[in-house]
Every structure is written in C-alpha cells, then in structure tokens.
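Here's the letter readout for the chains.
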Amino acid sequence: QVQLVESGGGLVQAGGSLRLSCAASGSSSSINAMGWYRQAPGKQREVVAGIAGITDGGRINYADSVKGRFTISRDNAKNTMYLQMNSLKPEDTAIYYCNAVYTTTMPYRTYWGQGTQVTVSS
C-alpha cells in the first residue's frame, strides 16, 4: 500500500524557516514526479513546487509566490522529498500536502499525503 507521510510543519514567526519532509513508500524508481501543494482556509488547493521525474530531466518549478524563498529537493536514496521554506510570511499559512506519481500501474496513479499544518504568525 502506497503511503506518503509529511512531517516538519509547525508554528513559526514571520521571517522564520521550516523544512517539510515527505517520506514515500516503495522504491524511488517507482515514483515519477513529486510535488508540494497547500490549502489555506477557504481557498482552493494550489501547487507550491514540483519536481519532474528522471525521464523529464528532474525539472523543478515553483509558484511565483514562493520563488526565491522555497526550495524543493528529493533524496532518492531515502525516497524522501523536502521543502525548505525560508522568509516565511503569514500568507504561507496553510496545510501542506505532498503528492507523488507512481509508475507501478498503468495508467500511473497519483497519491497524496495526509498534510502537515504550517502556521506563520505576524
């Protein structure tokens, strides 16, 4: 059974930093793209950052609102994805979710973690 487990959320003051982790089950070779999304109260879920699979060159993309402040990375040996968040702002407050596209079935399937709360106080 596929599992994605996020951790690292919490309460931080504006200007502070947090590092989120997303541990994925299975082999890293079974995962194509991975990404981070967030959902603030009363808003739709939005993409924060994504990292493409090896076949797509591992291309990285960021939402304009986090460019220059957030960094996404992936450790294939640990099958874990990270989101380093610096210079946090109150508007970054949201539940952060990771997702992963697994290639073990056809068509590929996307799985989601349970989410981790990030709260930035002003």
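Cut-offs and rules
Residues numbered from 1 in each chain as written. Predicted model: local features only at pLDDT ≥ 70, side-chain atom pairs only at ≥ 80, totals over all residues. Heavy atoms only, no water. Helix = DSSP H or I, 4+ residues; strand = E, 2+ residues; numbered from the N terminus. Rg over C-alpha atoms; globule rule 2.2 N^0.38 Å. Buried < 20%, exposed > 50% of the residue type's maximum accessible area, 1.4 Å probe, protein only. Contact = heavy atoms within 4.5 Å. Areas by Shrake-Rupley, 256 points an atom, 1.4 Å probe, with all protein chains shown as cover. Lys, Arg positive; Asp, Glu negative; His and termini not counted. Charge placed at Lys NZ, Arg CZ, Asp CG, Glu CD. Pairing = 2+ DSSP bridges. Axes fitted to C-alpha atoms, helices over the stretch in contact; angles between N-to-C directions. Salt bridge = Lys/Arg side-chain N within 4 Å of Asp/Glu carboxyl O. 1 Å grid on protein atoms, 1.4 Å probe; cavity = no way out; pocket = protein on both sides within 12 Å on 5 of 7 lines; lining within 4 Å. Points joined across faces, edges and corners; volume = space filled by probe spheres on them. Nonpolar A, V, L, I, M, F, W, Y, C, P; charged D, E, K, R; others polar. Core = buried A, V, L, I, M, F, W, Y, C linked by side-chain atoms within 4.5 Å.

Engineer: Whenever I open this one, the overall build of the protein chain confuses me. Can you help?
Structural biologist: Scanning the protein chain from N- to C-terminus turns up 0 helices and 11 strands. Tracing the protein chain from N to C terminus, the helices and strands come up as β-β-β-β-β-β-β-β-β-β-β. Taking 2.2 N^0.38 as the reference for a compact globule, 122 residues should give roughly 14 Å; the C-alpha atoms of the protein chain span a radius of gyration of 14 Å, in line with that estimate. Within the protein chain, the proportion of its 122 residues that are buried is 41%. At a minimum sequence separation of 6, the contacts of the protein chain that also span at least 24 residues come to 55%. Carbon and sulfur atoms form 49% of the exposed surface of the protein chain, whose accessible area is close to 6600 Å². Where the 11 positive side-chain charges of the protein chain centre and where its 7 negative ones centre are 2 Å apart.

Engineer: Would you mind showing me how to read the sheet that holds strand β7 (residues 70–75) here?
Structural biologist: Paired through backbone hydrogen bonds, the strands of a sheet run either parallel or antiparallel to each other. Across the sheet, which stays open at both edges, the 4 strands sit in the order β1-β3-β8-β7 with antiparallel pairing between neighbours. Strands at the two margins of the open sheet, each flanked by one partner only, are β1 (4–7) and β7. Adjacent strand axes in the sheet meet at a mean angle of 15 degrees when their direction is disregarded. Looking at chain direction, strand β3 (residues 18–24) and strand β8 (residues 80–85) are connected through 6 bridges and run antiparallel. Its bridge partner being in β8, Leu-20 is matched across the sheet by Leu-83.

Engineer: Would you mind going over the pattern of salt bridges with me for this structure?
Structural biologist: Here the idea is simple: oppositely charged side chains can pair when their charged atoms come close. If you walk through the whole model with that rule in mind, you get 4 salt bridges. The partner of Glu-46 in a salt bridge is Arg-38, with the nearest N and O atoms 2.7 Å apart. As a salt-bridge pair, Asp-92 and Arg-38 come within 2.9 Å of each other at their nearest N and O atoms. Residue Asp-92 is located in the loop between β8 and β9 (94–102), and its partner Arg-38 is located in strand β4 (residues 31–39); the two are separated by 54 residues in the primary sequence. For the pair Asp-92 and Arg-38, one class covers both residues: buried. Ionic contacts of the salt-bridge type, sharing partners, join the residues Arg-38, Glu-46, Arg-69 and Asp-92 into one network.

Engineer: Can you walk me through the layout of surface pockets in this structure?
Structural biologist: The method is simple in principle: a probe with the dimensions of a water molecule rolls over the atoms, and the space it marks as empty is what remains. Here the largest pocket defines a volume of roughly 150 Å³. The wall of the largest pocket is formed by Ser-28, Ser-29, Ile-31, Asn-32, Gly-53, Ile-54, Thr-55, Arg-74, Asn-76, Thr-103 and Tyr-108. Its residues placed into classes, the lining of the largest pocket shows 3 nonpolar, 7 polar and 1 charged.

Engineer: Sorry, what's going on with the nonpolar core here?
Structural biologist: Nonpolar side chains in soluble globular proteins generally cluster together in the buried interior. Trp-36, Leu-83, Met-85 and Tyr-96 are the most contacted members of the largest nonpolar core, which totals 29 residues. Those elements that provide at least two residues to this core are β3, β4, β5 (46–51), β7, β8, β9 and β11 (116–121). Here this core takes 5 residues from β9, the largest share from any one element. Not counting residues up to four positions away in its chain, the partners in contact with Met-85 are Gly-16, Ser-17, Leu-18, Leu-20, Arg-69, Phe-70, Tyr-96 and Val-118.

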